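Structure at a glance
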Amino acid sequence: MSDAVKVPKRILNSLLSSLAAGVVPRVGAPYIAIGRTAEISTLSHDLDSIADGGSVTRFIIGNYGSGKSFLIQLIRGYAIEHGFVCADADLSPERRLSSTGNGGLATYKELLKNLSIKSSPDGGALPQLLAKWLSDMMFNARSSGIEEDNPEFEKTISKEIYSVTHSIETGVGAYDFAKVISNYLHAVISNNEQLQAECLKWLRGEFGTKTEAKAALGVSGIINDDNWYDYIKLLASFVRKIGYNGLVIFIDECVNLYKIPNRISRENNYEKILSIFNDTLQGKADGLGVVFAGTPQFLEDRHRGLFSYEALKSRLNDSMFGVQNQTQPMFGPIIRLKRLSDDELLALIVRTTVLFTQMYGEVNVTTEEMRDFLYYMLSRAGADTLITPREIIRSYLTALGILMSDSSKKLTDIYASNKPVVEDKKVFDPKTIEI
């Protein structure tokens, strides 16, 4: 990114604040993106497959701070810009894929809360999504010469609503889903705000009992811990019917499944992952993409990770040829994030400097000092394999903040007292890196 590329202040402030705190920025990720070309290309190809009616499950695997969540936000932003509906959720002790305490339903609610489209990229897009479809139908009716005061106007829209909802009335809960969607749109047309609220409440999984849902909407079922994934599949089918390219959901912090102490509970969650994996590979979830992100432990641990569940291990284990050649083709379900190269890490530092100066003004740091800073970070014991972009950028932004408050200091002054004991250990020659 050249100095000529100006980032809007609102995005720039949020971006730098997130990076300084070690948190993945929800907006502005493309402005700081460096490397990961193969991974981005692979995920972009997955989006093309979903847009063609296919379905995909991916596992992004990397150590803490390696860029899993960043890559998710980058692809999420790209997908939204290119006509996909996206949703994301971080798993936690309260949010799982399956549990006896509605942990799966909690994950569904989080996904619906974070549902995003281009006109509503920060979440909460379900009403906007439905309103856009209704607006399109009304526009088409007017274009055909039918005005709003004509009795045929509402009939034409009702016919279109029925056509779309009827086409998805297959599978678990499909009839109820279609009926609630239809009720919501008719409530918008008739300006019935109470019915709109009840429909959205049902779609968000907020009804506690079937009796309540029956009384409010005339449907016989509700979204719960057992069937929430079936409604994700229905939603994917629905959004394609109304003009979107598909639904992509991102489930991060999957290491929380690895941490479940009870073996039965843990395996129930892995069974749900197996079901999702099989559905997407067997074409039973048209227009749906699912991306899981977790640590190597979550995947590879033979006692508590995915590899402890034999059905998943046989599907996800690296092929013998990939192991022999210390690589794994990107068309497999696993995307392993390797450490960024030295050149990429330096480019990341330079990019961060450009963003910082755009926000706060010029700071006393030279290109040579940036190289030396990276050399220092990589010269520490174990850094060659364990260093992460998060750690480097957090440290560097702290240093820039000190330089901004005291212009008499140089970057080397800040870390000079913490130089590594082994002075002659060079991971690379900083003067050979090109920016």
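Cut-off values and rules
- Within each chain, residues carry numbers counting from 1 in the order of the written sequence.
- pLDDT decides what is reported in this predicted model: residues at 70 or higher carry local features, side-chain atom pairs at 80 or more are listed and counted, and totals for whole chains, interfaces and linings draw on all residues regardless.
- Derived side-chain values reflect all non-hydrogen atoms in the structure, with water molecules and hydrogen atoms excluded from consideration.
- At least two DSSP bridges between two strands are required for those strands to pair.
- Strands here are runs of E lasting at least two residues and helices are runs of H or I lasting at least four, both read from the DSSP assignment and numbered beginning at the N terminus.
- As a rule, the C-alpha atoms of each element are fitted with a line to give its axis, helices using only the stretch in contact, and angles between N-to-C directions run from 0 to 180 degrees.
- Working definition: a ring pair exists when centres of Phe, Tyr or Trp rings (six-membered ring for Trp) sit within 6.5 Å. Plane angles under 30 degrees give stacked, over 60 give edge-to-face, the rest tilted.
- Burial classification: accessible surface area is computed with a 1.4 Å probe over protein chains only, and a residue below 20% of its type maximum counts as buried, one above 50% as exposed, and the rest as partly exposed.
- Only when the NZ of Lys or the CZ of Arg is both within 6 Å of the ring centre and within 35 degrees of the ring normal is a charge said to sit over the ring.
- The method works on a 1 Å grid over the protein atoms by themselves. A cavity is a set of points holding a 1.4 Å probe that cannot get out, a pocket is an open set with protein on both sides within 12 Å along at least five of seven lines, and residues with an atom within 4 Å of a point line them.
- Grid points are joined across faces, edges and corners, and a volume is the space filled by probe spheres set on the points.
- All residues other than Ala, Val, Leu, Ile, Met, Phe, Trp, Tyr, Cys, Pro, Asp, Glu, Lys and Arg, Gly among them, are scored as polar; the first ten of these are nonpolar and the last four charged.
- Two N or O atoms form a polar contact when they lie within 3.5 Å of each other; inside protein one atom must be a possible hydrogen donor and the other a possible acceptor, and for residues adjacent in sequence the pair counts only when both atoms belong to side chains.
- Throughout, a contact is declared for two residues whenever any of their heavy atoms are within 4.5 Å.
- By convention a nonpolar core is built from buried Ala, Val, Leu, Ile, Met, Phe, Trp, Tyr and Cys residues, the set being connected through side-chain atoms within 4.5 Å.

With that settled, consider the sheet that holds strand β2 (residues 85–90). With respect to topology, five strands assemble into an open sheet ordered β2-β3-β4-β1-β5, the strand pairing being parallel. Taken across any chain shown, the strands that pair with only one partner, and hence form the sheet edges, are β2 and β5 (334–336). Looking at each pair of strands side by side, their axes are set apart by 15 degrees on average, direction ignored. Pairing of strand β3 (residues 247–252) with strand β4 (residues 288–294), which is carried by five bridges, proceeds in the parallel orientation. Across the sheet, residue valine 248 finds its bridge partner in β4, namely glycine 289.

Inspection of every chain in the model, using the stated rule, returns nine aromatic pairs. On the numbers, 5.4 Å between centres and 80 degrees between planes, the contact of tryptophan 133 with phenylalanine 238 is edge-to-face. A residue pair is termed long-range when its members are at least 10 positions apart, and tryptophan 133 in helix α5 (residues 126–143) and phenylalanine 238 in helix α10 (residues 228–241) qualify at 105 residues. For tryptophan 133, a relative accessible area of 5% puts it in the buried group. A ring pair is formed by tryptophan 228 and tyrosine 229, whose centres lie 6.4 Å apart and whose planes are at 75 degrees; its orientation type is edge-to-face. The two residues tryptophan 228 and tyrosine 229 agree in class, both being buried. By way of ring pairs, the aromatic residues Trp133, Phe177, Trp202, Tyr231 and Phe238 are connected into one cluster. Over the face of the ring belonging to phenylalanine 207 we find lysine 201, whose NZ or CZ atom lies 4.6 Å from the ring centre. One cation-aromatic arrangement involves arginine 304 over tyrosine 258; the distance from NZ or CZ to the ring centre is 5.5 Å.

Turning next to the layout of surface pockets. By volume, the largest pocket is sized at about 820 Å³. Lining the largest pocket we find 39 residues, and of these Val24, Gly67, Ser69, Phe70 and Arg390 sit closest to its centre. Listing elements by their share of the lining of the largest pocket, those giving two or more residues are α3 (68–81), β2, β3, β4 and α19 (389–405). Of all the elements, α3 adds the most residues to the lining of the largest pocket, at seven residues. Across the lining of the largest pocket, the residue classes tally to 22 nonpolar, nine polar and eight charged.

Along a regular strand, successive side chains alternate from one face of the sheet to the other. Buried residues dominate strand β1 (residues 56–61), accounting for six of its six residues. Neither face of β1 is exposed, since Val56, Arg58 and Ile60 on one face and Thr57, Phe59 and Ile61 on the opposite face are all buried. In the sheet, β1 pairs with β5 via three bridges, with the strands oriented parallel. Bridge pairing links isoleucine 60 to isoleucine 335 in β5.

A full pass over the atoms with the stated rule returns one cavity of 30 Å³ or more. Quantified by volume, the largest cavity comes out at close to 70 Å³. Lining the largest cavity are Leu43, Asp46, Leu47, Ile50, Val56, Arg58, Ile75, Val248, Phe250, Gly289, Val290 and Val291. Elements that contribute at least two residues to the lining of the largest cavity include exactly α2 (37–51), β1, β3 and β4. With four residues, α2 is the largest single contributor of residues to the lining of the largest cavity. Here the lining of the largest cavity is composed, by residue class, of nine nonpolar, one polar and two charged.

Inspection of the secondary structure assignment puts aspartate 46 in helix α2. Judged by relative accessible area, which is 7%, aspartate 46 ranks as buried. In terms of polar contacts, aspartate 46 uses its side chain to reach the side chain of arginine 58, at 2.7 Å. Setting aside its immediate chain neighbours within four residues, aspartate 46 contacts Val56 and Arg58.

Our focus in this paragraph is the environment of glutamate 368. Structurally, glutamate 368 can be placed in helix α17 (residues 367–379). Put simply, glutamate 368 and isoleucine 251 are 117 residues apart on the chain and 40 Å apart in space, counted from C-alpha to C-alpha.

Before going further, it helps to examine the nonpolar core. Ranked by internal contacts, the top residues of the largest apolar core, which has 80 residues, are Phe177, Trp202, Phe238, Leu247 and Ile273. Here this core gets nine residues from one element, more than from any other, and that element is α10. Formed by 38 residues, the second largest nonpolar core is a distinct cluster that contains Ala29, Val350, Phe356 and Tyr415.

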